[in-house]
Amino acid sequence: QVQLVESGGGLVQPGGSLRLSCAASGNIYSVYVMGWYRQAPGKERELVADITSGGSKNYADSVQGRFAISRDNAKNTVYLQMNSLKPEDTAVYYCKATSTYGSYWGKGTQVTVSS
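Because the structure is a prediction, the values reported are computed rather than measured.

Student: Looking at this structure, how should I read the packing of aromatic side chains?
Tutor: Centre distance and the angle of the planes are the two values used to describe a pair of aromatic rings. By the definition in use, this model includes two aromatic pairs. Residues Tyr37 and Trp105 carry aromatic rings whose centres are separated by 5.0 Å and whose planes lie at 70 degrees to one another, so their mutual orientation is edge-to-face. Of this pair, Tyr37 sits in strand S4 (residues 31-39) while Trp105 sits in strand S10 (residues 102-105), placing them 68 residues apart in sequence. Overall, the relative accessible area of 18% leaves Tyr37 in the buried class. Taking relative accessible area as the criterion, Trp105 reaches 36% and is therefore assigned partly exposed.

This is the structure in structure tokens:
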């Protein structure tokens, strides 16, 4: 089992920045990909960015150049730095861990971009 706890969401104006954190615990040594997903009202959950245990990163086209995913292995934490936020970035953001035993999700953190 892997437990994930997200934090860092909130209300921000367009053009602003937020940094999300995802703290992992449990059987983290089996995890090989960590990712951030989001789900806006009435829409399907979508991949935002992910990072492998080897450090390879992948981004959705809609956030390329604005968001950056990173990980601190010493803290078992993955971050999502979000810059130049737009109203269409408004969603619940979820952390996902993929391991050799399955996939695990956090409960999510709300990000609202509005003036």
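Student: What exactly am I supposed to notice about the nonpolar core here?
Tutor: Nonpolar side chains in soluble globular proteins tend to end up buried together. Leu4, Met34, Trp36, Leu80, Met82 and Tyr93 are the most contacted members of the largest nonpolar core, which has 31 residues in total. Not counting residues up to four positions away in its chain, the partners in contact with Met82 are Gly16, Ser17, Leu18, Leu20, Arg66, Phe67, Tyr93 and Val111.

Student: Can you help me understand the sheet that holds strand S7 (residues 67-72) in this one?
Tutor: By definition, the strands of a sheet pair up through backbone hydrogen bonds, in either a parallel or an antiparallel sense. Read across the sheet, four strands follow the order S1-S3-S8-S7 without closing on themselves; strand pairing throughout is antiparallel. For this open sheet the edge positions go to strand S1 (2-7) and S7, each flanked by a neighbour on one side alone. Across the sheet, the mean angle from the axis of one strand to that of its neighbour is 15 degrees, orientation sign disregarded. Summarising the sheet, S1 and strand S3 (residues 18-26) pair through six bridges and their orientation is antiparallel. Note on S3: the bridge partner recorded for Ser7 is Ser21.

Student: What is the right way to read the side chain of Ser99 from this model?
Tutor: Assignment of secondary structure puts Ser99 in strand S9 (residues 91-99). The exposure class of Ser99 is buried, given its relative accessible area of 4%. A polar atom in the side chain of Ser99 sits 3.0 Å from the backbone nitrogen of Tyr101. The contact partners of Ser99, leaving out residues within four places of it in the chain, are Ser30, Val31, Tyr32 and Tyr104.

Criteria and cut-off values
- Residues numbered from 1 in each chain as written.
- Predicted model: local features only at pLDDT ≥ 70, side-chain atom pairs only at ≥ 80, totals over all residues.
- Heavy atoms only, no water.
- Phe/Tyr/Trp six-rings, centres within 6.5 Å; stacked < 30°, edge-to-face > 60°.
- Helix = DSSP H or I, 4+ residues; strand = E, 2+ residues; numbered from the N terminus.
- Buried < 20%, exposed > 50% of the residue type's maximum accessible area, 1.4 Å probe, protein only.
- Core = buried A, V, L, I, M, F, W, Y, C linked by side-chain atoms within 4.5 Å.
- Contact = heavy atoms within 4.5 Å.
- Pairing = 2+ DSSP bridges.
- Axes fitted to C-alpha atoms, helices over the stretch in contact; angles between N-to-C directions.
- Polar contact = N/O pair within 3.5 Å; in protein donor to acceptor, adjacent residues only side chain to side chain.

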